Amino acid sequence: MGIAVIRFPGTNNEYDVIRALSLIPGTEPYLVNSNESPSVLKDATGIVIPGGFSYGDYLRAGAVASIEEILDGVRTFANDGKPVLGICNGFQILTEAKLLPGTLLPNESARFICKWVYLKVSESPTPYTEGLEGLVLRIPIAHAEGNYHCSESEMRALVDSNRIPFRYCDSDGNIVPEANPNGSQENIAGVLNEKGNVLGMMPHPERASRAILGSEDGLAILENFARLTMEA
Amino acid sequence: MKVLHEGKVKRVLSDPNSPNHIILEFTDIVTAGDGEKKETIGGKGKLACETSDILFTFLESKGIKTHFDKRFDENQLRCKKVKIFPVEVVCRNVAAGSFCRRYDIERGEIFSPPIVEFFLKDDKLHDPLITRNAAVVMGLVTHEELAFMENVTRSVNYYLCQLFKQVDLSLIDFKLEFGRTDEGQILVADEISGDTMRLWTLTGESIDKDLFREASGDLIEAYATLVEHLKKATPKEIPIKKERIRVIVMPKQGLKNPPGEVTRKALTRLGFESVNDVRVGKVYDIELSHPITSEILEHLRAMNLKLLSNPVAEEAKVGLLVWE
């Protein structure tokens, strides 16, 4: 029992995630290598796909990882309604695996962006944002392909069913174009699947999990994730 | 058996046992110059049928998809039912026949790479040469179908050349016809025999229909020699030719393309002010250990959907390459 943190070749945030999750009482994060059998995920209570550059981002960020056998296990797990969190490259992998809608295109600036950003949390409740509704969080991003894009119909579905928990905003919580770091449609920083159990987000909550890192705002998201793993 | 179609030298009969097959019957008629010269030569049908049997069987063994199913009778082949394309393909390794007259060049000139040409199948017009563009705009075939036919024709050329080389014959040129099954598979169809190709011995003597065209020798003796030669060949020793396919993936129209925009700005900085827009995509060159078939093109479409492109943001195009 515990939270499986999957490491692909090129993943580089797995220990940051494990360390951040370890701050939360009752969690038992453990490392799973992507070449292990999908069956190792059967006993997990939650799955995190952390950030990095799986397979060197060849083809497209997340594309090669998304067809690994271990993703069959993630898919079964997600379809059972259990919590799956994809951070940064993990988000890209989940969209490539079609567990989340849309895709992440190269940043509009065509540059790698590493900086602190503000996120406006959706006013309406979602499983991952309990107690955070309407708040402004300060969490860093670090990516070259974080420009969220999806079809018009998918966007309508995301908006209508309140599946956009995080949007880039300014320090006052205004969702404005100037606060959009990468060109994402609707300033989207994270999306949920239809059931609400799979979250993908470009910002790194694990890098905002202790005061010494500059912010503890990310820990609140991980705590919600941990709570879901305990309910499941 | 019902006659479905009466051709110049062959008959298409219905297959009493299957609606998806036909029986191709080879007659003893020989024609040349669009039927201007016509004769019946006893035994020709059987020999052309036997040659086709051997060559289709050989090509199938190398992975080329043809309409051939089995030998049905002495002068009959059982074949898959296809709708024949109105465009036929000619592949030339060495200058001969109409090509020499058309361009006034010396018979025997070697072409490297081989030349592939398309002809409109129309007896009244005497099967004229047709350009790709005309064939596509006239709605006879699509660009993709023409590319497919050319690619398969070049593969067939490779395998036939290798086979004939084993028995000291050289393949000068040949004609192929293609057909499409109801399921959409494109197959090599019609016949492959001395009637549809030119073959020279090491000393430059024809053992094909030119003997009849030019009234320069015994056709039956030549066709019988050809079958004898082919029986001596060892097709297993001929290595599989690798095929190459190119998949081009581009960002969808209307989507911003930041790498392209950065490139455009850089080109402008270099003084190329007329550069208005640049879009950056990807190219995959894929080598296959098998000739191109309709099935492989389907696999490529699946490869695109599964991995090579992301349909949310990209468009993929499969190109057949001729790399010599």
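Here, every reference points to the structure presented above.
Residues numbered from 1 in each chain as written. Chains lettered and ligands numbered in written order. Predicted model: local features only at pLDDT ≥ 70, side-chain atom pairs only at ≥ 80, totals over all residues. Heavy atoms only, no water.

Quick word on the layout of surface pockets
Residue and element names in this part refer to chain B.
For step 1, the next point in the chain: As a volume, the second largest pocket reaches approximately 730 Å³.
For step 2, the next point in the chain: Every residue lining the second largest pocket is counted, 32 residues in all, and those nearest its centre are Glu144, Leu297, Arg301, Val318 and Gly319.
For step 3, the next point in the chain: Elements represented by at least two residues in the lining of the second largest pocket include exactly helix 4 (143–166), strand 14 (243–251), helix 8 (294–308) and strand 16 (314–320).
For step 4, the next point in the chain: Taken together, the residues of the lining of the second largest pocket sort by class into twelve nonpolar, eight polar and twelve charged.
For step 5, the next point in the chain: Here the lining of the second largest pocket spans two domains, and each of domain 1 (82–237) and domain 2 (243–320) adds at least three residues to it. (1 Å grid on protein atoms, 1.4 Å probe; cavity = no way out; pocket = protein on both sides within 12 Å on 5 of 7 lines; lining within 4 Å. Points joined across faces, edges and corners; volume = space filled by probe spheres on them. Helix = DSSP H or I, 4+ residues; strand = E, 2+ residues; numbered from the N terminus. Nonpolar A, V, L, I, M, F, W, Y, C, P; charged D, E, K, R; others polar. Domains from an automatic or database assignment.)

Some remarks on the sheet that holds strand 3 (residues 21–26) of chain B
Residue and element names in this part refer to chain B.
For step 1, the next point in the chain: One open sheet holds the five strands; their spatial order is 1-2-3-7-6, and the pairing between them is antiparallel. Two strands bound the open sheet, and with one partner strand each, they are strand 1 (3–6) and strand 6 (68–73). Here the average twist between neighbouring strands, direction ignored, is 25°.
For step 2, the next point in the chain: Strand direction decides the pairing type here: strand 2 (residues 10–14) and strand 3, joined by five bridges, are antiparallel. Paired with Arg11 across the strands is Glu25, a residue of strand 3.
For step 3, the next point in the chain: Seen against the sheet, helix 1 (residues 44–61) touches strand 3, strand 6 and strand 7 (76–80) and runs at an angle of roughly 150° to strand 6. (Pairing = 2+ DSSP bridges. Axes fitted to C-alpha atoms, helices over the stretch in contact; angles between N-to-C directions. Contact = heavy atoms within 4.5 Å.)

What to know about the packing of helix 1 of chain B against helix 4 of chain B
All names here are of chain B.
For step 1, the next point in the chain: One way to put it is that helix 1 packs onto helix 4 with a least axis distance of 11 Å and a crossing angle of 115°. Seen from above, helix 1 lies across helix 4 with right-handed handedness. Residues Leu55, Phe58 and Leu59 of helix 1 pack against Val156, Tyr159, Leu160, Leu163 and Phe164 of helix 4.
For step 2, the next point in the chain: For the contact of helix 1 with helix 4, a count of residues per class yields eight nonpolar, no polar and no charged. (Left-handed = near helix turned anticlockwise from the far one by under 90°.)

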